[in-house]
Amino acid sequence: MDKIKIYNSFEEINNDLQMLSLRRKIALEEIKLVKTEFKEDIQPYRWVSTLFSAVKKYGILYLIRRFFK
């Protein structure tokens, strides 16, 4: 549970409000960054490269198995 802060002046209140406003702006910018990174991660070329990597890995394993049979 948060402690209740007692203010002694309006200047203290304004300072806290300004600090909270800046924290809010920073959080919004971080959300924008995460959104941009997410959009980049779901691009089709990323999926294709991941799929190609998996096919290459399992293809090599398949060839090794065929070779030893």
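Use the structure listed above.
Residues numbered from 1 in each chain as written. Predicted model: local features only at pLDDT ≥ 70, side-chain atom pairs only at ≥ 80, totals over all residues. Heavy atoms only, no water.

1. Topic: the overall build of the protein
- For the protein, the count of helices and strands is 2 helices and 0 strands.
- Relative to the compact-globule value of 11 Å for 69 residues, the protein shows a C-alpha radius of gyration of 27 Å, a clear excess of over 25%.
- Expressed as lengths along the three principal axes of its C-alpha atoms, the size of the protein is roughly 85 × 25 × 10 Å.
- A total of 69 residues make up the protein; the buried ones form 1% of that total.
- Approximately 7400 Å² of the protein is accessible, and the part contributed by carbon and sulfur atoms is 65%.
- Taking the 14 positively charged and 9 negatively charged side chains of the protein as two groups, their mean positions are separated by 18 Å. (Helix = DSSP H or I, 4+ residues; strand = E, 2+ residues; numbered from the N terminus. Rg over C-alpha atoms; globule rule 2.2 N^0.38 Å. Buried < 20%, exposed > 50% of the residue type's maximum accessible area, 1.4 Å probe, protein only. Areas by Shrake-Rupley, 256 points an atom, 1.4 Å probe, with all protein chains shown as cover. Lys, Arg positive; Asp, Glu negative; His and termini not counted. Charge placed at Lys NZ, Arg CZ, Asp CG, Glu CD.)

2. A look at the pattern of salt bridges
- Here the structure, examined in full by the defined rule, presents 2 salt bridges.
- Between Lys-5 and Asp-16 there is a salt bridge, with its nearest N and O atoms 3.0 Å apart. With Lys-5 in the segment before α1 (10–41) and Asp-16 in helix α1, this residue pair connects regions lying 11 residues apart in the sequence.
- Looking at Asp-16, the relative accessible area reads 15%, which means it is buried.
- With its nearest N and O atoms 3.3 Å apart, the salt bridge here joins Lys-32 to Glu-29. Taken together, the residues Lys-32 and Glu-29, both in helix α1 and 3 residues apart, mark about one turn of the helix. (Salt bridge = Lys/Arg side-chain N within 4 Å of Asp/Glu carboxyl O.)

3. Structural notes on helix α2 (residues 44–68)
- Helix length check: α2 (25 residues) gives 36 Å between terminal C-alpha atoms against 36 Å at 1.5 Å per residue, within 8%.
- Little of α2 sits out of view: just 0 of its 25 residues are buried. (Expected span 1.5 Å × (residues − 1).)

4. Structural notes on the environment of Ser-21
- Inspection of the secondary structure assignment puts Ser-21 in helix α1.
- Residue Ser-21 is classed as partly exposed on the basis of its relative accessible area of 31%.
- Expressed as a C-alpha distance, the spacing of Ser-21 and Phe-10, which sit 11 residues apart in the sequence, is 16 Å.

5. Quick look at a nonpolar patch on the surface
- A cluster of nonpolar side chains, contributed by Tyr-58, Ile-60, Leu-61, Ile-64, Phe-67 and Phe-68, occupies part of the molecular surface with about 710 Å² of accessible area.
- Within the element layout of this structure, Phe-68 appears in helix α2. (Patch = residues over 30% accessible without salt bridge, like charges linked within 9 Å, V, L, I, M, F, W, Y side chains within 5 Å.)

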